[in-house]
Amino acid sequence: MSLTHTWRISTLKTLTFLAITLLSGVLAGLILMFLNLALVEPYIDKAIALETEKNVSSGENVNMSELVHYRYWQKGGAIAGGAIYGIALSSLFGIIIAFARNRLPGSNNKQKALFLAGVVWFVVYLMVAIKYPANPPAVGDPEAIYYREALYVGYIMISGFTALGLAVAWTKLRNNSKKLILPLIYAAIMIMAYIVMPSNPDKIEISMGLVQSFRIWTALTIGIYWGVLAIIFGSLWDKYIPHEEKVASLI
């Protein structure tokens, strides 16, 4: 096989891999946004209505027309936002699975992608939500938003980099009994982070039932996103790149 022919095959595989990554991200992101519009947005509307009612009762002048227009624009822009969000996460997902695929459990790419998606959802969402759960707009001081974001991102980094480091250690260890210690190390680090990191600064002054429903549906839709992304990504990979020898050669 000539060098030119090999280069063309490698380029084709790379373009196919990129197309699969982008397409799966767009589709999963759009599904996530439609689910959010149907399942999560009603709770956001209720929370905003309660906040508006509180502001009006305190004598604050609220421009209802402007608020309605803003929400209409916000929901409309969620479609484009979903596609962008999906592409951003699928790009990261594609890079990880490209390098880790041969070490992931599963007999096909769909199973491998589902396993990785479950791990990512657990590490960068669920573990973080235990410490800093999502809240609707009416919860929390708007002036402290950057502080809350710093705490949230910091906790994601602790969980993510800890999991990544232990995953690398898992591939280096040959003794299976020593591998079993790694999940315990992750748990210990996250427990310590939970204790050391500042508590959630958001004061909940609206119905706790509303807040809990918002959190449950948010966690569910994010979980569905990762599951859909994995299914589409793995299915397309199995169909269009079924005979790859080294995944790392695709990128």
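The rules behind the values
Residues numbered from 1 in each chain as written. Predicted model: local features only at pLDDT ≥ 70, side-chain atom pairs only at ≥ 80, totals over all residues. Heavy atoms only, no water. Helix = DSSP H or I, 4+ residues; strand = E, 2+ residues; numbered from the N terminus. Buried < 20%, exposed > 50% of the residue type's maximum accessible area, 1.4 Å probe, protein only. Contact = heavy atoms within 4.5 Å. pLDDT = per-residue confidence, 0-100. Patch = residues over 30% accessible without salt bridge, like charges linked within 9 Å, V, L, I, M, F, W, Y side chains within 5 Å. Areas by Shrake-Rupley, 256 points an atom, 1.4 Å probe, with all protein chains shown as cover. Salt bridge = Lys/Arg side-chain N within 4 Å of Asp/Glu carboxyl O. Axes fitted to C-alpha atoms, helices over the stretch in contact; angles between N-to-C directions. Parallel < 35°, antiparallel > 145°, perpendicular 65-115°, else oblique. Left-handed = near helix turned anticlockwise from the far one by under 90°. Nonpolar A, V, L, I, M, F, W, Y, C, P; charged D, E, K, R; others polar. Core = buried A, V, L, I, M, F, W, Y, C linked by side-chain atoms within 4.5 Å. Expected span 1.5 Å × (residues − 1). Polar contact = N/O pair within 3.5 Å; in protein donor to acceptor, adjacent residues only side chain to side chain. Phe/Tyr/Trp six-rings, centres within 6.5 Å; stacked < 30°, edge-to-face > 60°. Arc of directions from axis to C-beta.

1. Things to note about the overall build of the protein
When helices and strands are tallied, the protein shows 7 helices and 0 strands. Each helix and strand of the protein, placed in order from N terminus to C terminus, yields the pattern α-α-α-α-α-α-α. Out of the 251 residues in the protein, the part that is buried amounts to 33%. Considering only residue pairs separated by 6 or more positions, the protein has 82% of its internal contacts joining residues 24 or more positions apart.

2. With respect to the confidence of the model for the protein
This prediction gives the protein a mean pLDDT of 84; 88% of its residues lie at or above 70. Within the protein, the lowest mean pLDDT, 78, falls on helix H5 (residues 176–179), and the highest, 95, falls on helix H6 (residues 181–196). In this model, residues 245–251 is a region of pLDDT below 50 whose contacts with residues beyond four sequence positions or in other chains number 17 contacts.

3. Quick notes on a nonpolar patch on the surface
The grouping of Ile130, Ile191, Met192, Tyr194, Ile195 and Val196 at the surface amounts to a nonpolar patch, some 650 Å² of accessible area in total. Within the secondary structure, Ile195 is located in helix H6.

4. Structural notes on the packing of helix H3 (residues 109–131) against helix H4 (residues 145–172)
Put simply, H3 and H4 touch, their axes get as near as 9 Å, and they point 130° apart. Viewed along their axes, H3 and H4 adopt a mutual orientation that is oblique. Helix-helix and strand crossings are classified by hand; for H3 and H4 the assignment is right-handed. Side by side, H3 and H4 meet where Val123, Val124, Tyr125, Met127, Val128 and Lys131 of the first sit next to Tyr152, Tyr155, Ile156, Ser159, Gly160 and Ala163 of the second. Of the residues assigned to the contact of H3 with H4, the class counts are 9 nonpolar, 2 polar and 1 charged.

5. Here's the deal with the nonpolar core
Counting 29 residues, the largest nonpolar core has Phe93, Ile97, Tyr225, Trp226 and Phe233 as its most contacted members. Within the residue set of this core, elements represented by two or more residues are helix H1 (3–57), helix H2 (64–100), H3 and helix H7 (208–240). Tallying contributions element by element places H7 first for this core, with 11 residues. Here Trp226 is in contact with Leu89, Phe93, Ala117, Val120 and Trp121, once residues within four sequence places are set aside.

6. Regarding H7
Over its 33 residues, H7 extends 48 Å from the first C-alpha to the last, a length consistent with the 48 Å expected when each residue adds 1.5 Å. For H7, the capping residue at the N-terminal end is Ser207, with a side-chain oxygen 3.3 Å from the backbone nitrogen of Gly209.

7. Remarks on the packing of H3 against H6
Packing of H3 against H6 brings their axes to within 11 Å, and their N-to-C directions diverge by 35°. Two packed elements cross with a definite hand, and for H3 against H6 that hand is right-handed. Taking contact as the criterion, the partners of Phe122, Val123, Met127, Ile130 and Lys131 in H3 are, on H6, Tyr186, Met190 and Tyr194. Among the residues forming the contact of H3 with H6, the class breakdown is 7 nonpolar, no polar and 1 charged.

8. Focus on the environment of Ala117
Position of Ala117 relative to the elements: it lies in helix H3. Ignoring sequence-local partners within four residues, the contact set of Ala117 consists of Phe93, Trp226 and Ala230.

9. Observations concerning the packing of aromatic side chains
Per the counting criterion, the structure on display carries 9 aromatic pairs. Centre to centre, the rings of Phe93 and Phe233 are 5.5 Å apart; their planes meet at 90°, and the pair counts as edge-to-face. Of this pair, Phe93 sits in helix H2 while Phe233 sits in helix H7, placing them 140 residues apart in sequence. Across the pair, Phe233 and Phe93 agree in class, each one buried.

10. Focus on H6
Look at H6: 23 Å from first C-alpha to last across 16 residues, which is about the 22 Å you get at 1.5 Å a residue. When H6 is considered as a whole, its buried residues turn out to be Leu182, Tyr186, Met190 and Ala193. End-on, the buried residues of H6 take up no more than an arc of 70°, which puts them together on one face. Set apart from the buried face of H6 by more than 90 degrees, the exposed residues are Leu184, Ile191, Met192 and Ile195. In this structure, the buried side of H6 is in contact with H3, H4 and H5.

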